[in-house]
Amino acid sequence: KESPTDDWEKSQLRTLLGGISWHAQQVAPHLSADVSLLLSQINSSTTETIKQANGLLDQARAMKEHRMKIHKIPVDQLMLCAWCDAASQNRHDGYSTQGIVIGAVPKDLLRGQCVPVSFMSWHSSKITRVCRSPGASEAAAAVNAEDLLFFARFQLAEMLGFPVQVRSINKAVNTIQGCVVTDSRNVFDKLSTEVLCPKGAERRTDLELLSLKESQLRNHVCIRWVHSEAQLANSLTKTKEMRQLMLFYQMHQTWRIVEDSSMASAKKRKQRGQPPLENGPGHQNLETAHTSHT
């Protein structure tokens, strides 16, 4: 299994993974993490890499009937939401992986309801600088997600006919409501403060988050926290981690931002016997919400 591949095998790997990558970019976000991580291993690939790539092809063929849905959402209820996650230093070269999903959703998502989600964009890619901690990689993913969200909000506003002034693009962006969803308590807690001051061992991370803090003030970006099992982008950061996207597909491509005032982790919720998308007390339960949207 540890035998290195020759040049011909590397060429065949690039061809195979390139084809799967195109498919993943078009309609199959559940394959994005695996193909991204395998593509980064080609130059140092082994026989085991070939086995994993062939297994990924089998997986893609097994789900050939899968379809991505674009839901009908009234324009006056339309907003964009970005789910972001990161896996720290899980690449062979020590770099981290970010997963980002941009979805078009009804505004009821912010009220804890289960709503249809139309995927507009999704990414599973390497974070371009080495992150020294999980918190640093989560912060980088959140900042990159907001960058993509800003562009998507601007493009959607332009497509809907809102006037665009190149010297005042924030006016156009702000016509479309935006939200960033993270499962990092570190990122969420820092952005929940009135003023973010760079301090501590990771001042660079805080400096990066300042751009996201400015977006909260200037572009009215809403920052929400969910536990890891309710994080749609979690499946785009690790291999063989498809639970969230599989549940998303089973629910006819609907999702919710879980409301939980205790901010309990996925592990604690599992110990209590709580389903991944169950809201806390006082909120509509999953079955009722799911029925109302299907």
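Summary of the structure given here. (Residues numbered from 1 in each chain as written. Predicted model: local features only at pLDDT ≥ 70, side-chain atom pairs only at ≥ 80, totals over all residues. Heavy atoms only, no water.)

Some thoughts on the overall build of the protein chain
Alright, step 1. In terms of regular secondary structure, the protein chain is built from 10 helices and 7 strands.
Alright, step 2. Taken over the C-alpha trace, the protein chain has a radius of gyration of 20 Å; the compact-globule value for 294 residues is 19 Å, and the two agree within 12%.
Alright, step 3. In terms of overall dimensions, the protein chain has a C-alpha envelope of 55 × 45 × 45 Å along the principal axes.
Alright, step 4. Counting all 294 residues of the protein chain, 48% fall into the buried class.
Alright, step 5. Here the contacts in the protein chain between residues at least 6 apart in sequence split such that 71% fall between residues at least 24 apart.
Alright, step 6. Of the roughly 14,700 Å² of accessible surface on the protein chain, a fraction of 53% belongs to carbon and sulfur atoms.
Alright, step 7. Measuring between centres, the 35 positive side-chain charges of the protein chain sit 2 Å from its 29 negative side-chain charges. (Helix = DSSP H or I, 4+ residues; strand = E, 2+ residues; numbered from the N terminus. Rg over C-alpha atoms; globule rule 2.2 N^0.38 Å. Buried < 20%, exposed > 50% of the residue type's maximum accessible area, 1.4 Å probe, protein only. Contact = heavy atoms within 4.5 Å. Areas by Shrake-Rupley, 256 points an atom, 1.4 Å probe, with all protein chains shown as cover. Lys, Arg positive; Asp, Glu negative; His and termini not counted. Charge placed at Lys NZ, Arg CZ, Asp CG, Glu CD.)

A look at the nonpolar core
The nonpolar side chains of a soluble globular protein tend to be buried, and buried together.
Alright, step 1. Leu80, Val180, Leu209 and Ile223 are the most contacted members of the largest nonpolar core, which has 30 residues in total.
Alright, step 2. Among the secondary structure elements, those contributing two or more residues to this core are strand S1 (78–87), strand S2 (97–106), helix H4 (134–159), helix H5 (169–173), helix H6 (185–191), helix H7 (203–218) and strand S6 (222–225).
Alright, step 3. Sort the elements by how many residues they give to this core and H4 lands first, with 9 residues.
Alright, step 4. Every residue in contact with Val180, bar those within four places of it in the chain, is listed here: Ala82, Cys84, Glu146, Leu149, Val221, Cys222, Ile223 and Arg224.
Alright, step 5. Within the second largest apolar cluster, 28 residues are counted, among which are Cys81, Val105, Leu232 and Ala233. (Core = buried A, V, L, I, M, F, W, Y, C linked by side-chain atoms within 4.5 Å.)

Quick look at the sheet that holds S2
Alright, step 1. The strand order across the open sheet formed by 5 strands is S4-S2-S1-S5-S6, and the pairing between neighbours is mixed. The open sheet terminates on both sides in strands that have one partner only, identified here as strand S4 (118–126) and S6. Along the sheet, successive strands turn relative to each other by an average axial angle of 20°, direction set aside.
Alright, step 2. Across 10 bridges, S1 lies against S2 in antiparallel orientation. (Pairing = 2+ DSSP bridges. Axes fitted to C-alpha atoms, helices over the stretch in contact; angles between N-to-C directions.)

Here we look at the environment of Ser228
Alright, step 1. Mapped onto the fold, Ser228 is located in the loop between S6 and helix H8 (243–250).
Alright, step 2. You can call Ser228 partly exposed: its relative accessible area is 29%.
Alright, step 3. A sequence separation of 39 residues divides Ser228 from Lys267, and the C-alpha atoms of the two residues are 9.0 Å apart.
Alright, step 4. Apart from the residues lying within four places of it in its own chain, the contact partners of Ser228 are Asp183, Asn234, Gln244 and Ala266.

Focus: a nonpolar patch on the surface
Alright, step 1. Judged by side-chain polarity, Val75, Leu160 and Phe162 come together as a nonpolar surface patch covering roughly 250 Å² of accessible area.
Alright, step 2. Examined against the element boundaries, Phe162 turns out to sit in the loop between H4 and H5.
Alright, step 3. Overall, Phe162 belongs to the partly exposed group, its relative accessible area being 34%. (Patch = residues over 30% accessible without salt bridge, like charges linked within 9 Å, V, L, I, M, F, W, Y side chains within 5 Å. Salt bridge = Lys/Arg side-chain N within 4 Å of Asp/Glu carboxyl O.)

Points about unusual backbone geometry
Alright, step 1. A positive phi is found at His220, a non-glycine position, where the angle reads about 55°.
Alright, step 2. Take His220: it is sitting in the loop between H7 and S6.
Alright, step 3. With relative accessibility at 52%, the residue His220 sits in the exposed group.
Alright, step 4. Within the chain, Met263 stands out as a residue other than glycine whose phi angle is a positive 50°.
Alright, step 5. When you line up the elements, Met263 lands in the loop between strand S7 (254–255) and helix H9 (266–272).

Regarding the packing of aromatic side chains
Alright, step 1. Scanning the model with the defined rule gives 4 aromatic pairs in all.
Alright, step 2. Centroid distance Phe119 to Trp122: 6.0 Å. Interplanar angle 50°. Geometry classified as tilted. Per residue, the accessibility class of Phe119 equals that of Trp122, and both read buried.
Alright, step 3. Judged by centre distance (4.9 Å) and plane angle (20°), the ring pair of Phe119 and Phe248 falls under stacked. Here Phe248 lies in helix H8 and Phe119 lies in strand S4, a separation of 129 residues in the sequence. With respect to burial, Phe119 and Phe248 carry one shared label: buried. (Phe/Tyr/Trp six-rings, centres within 6.5 Å; stacked < 30°, edge-to-face > 60°.)

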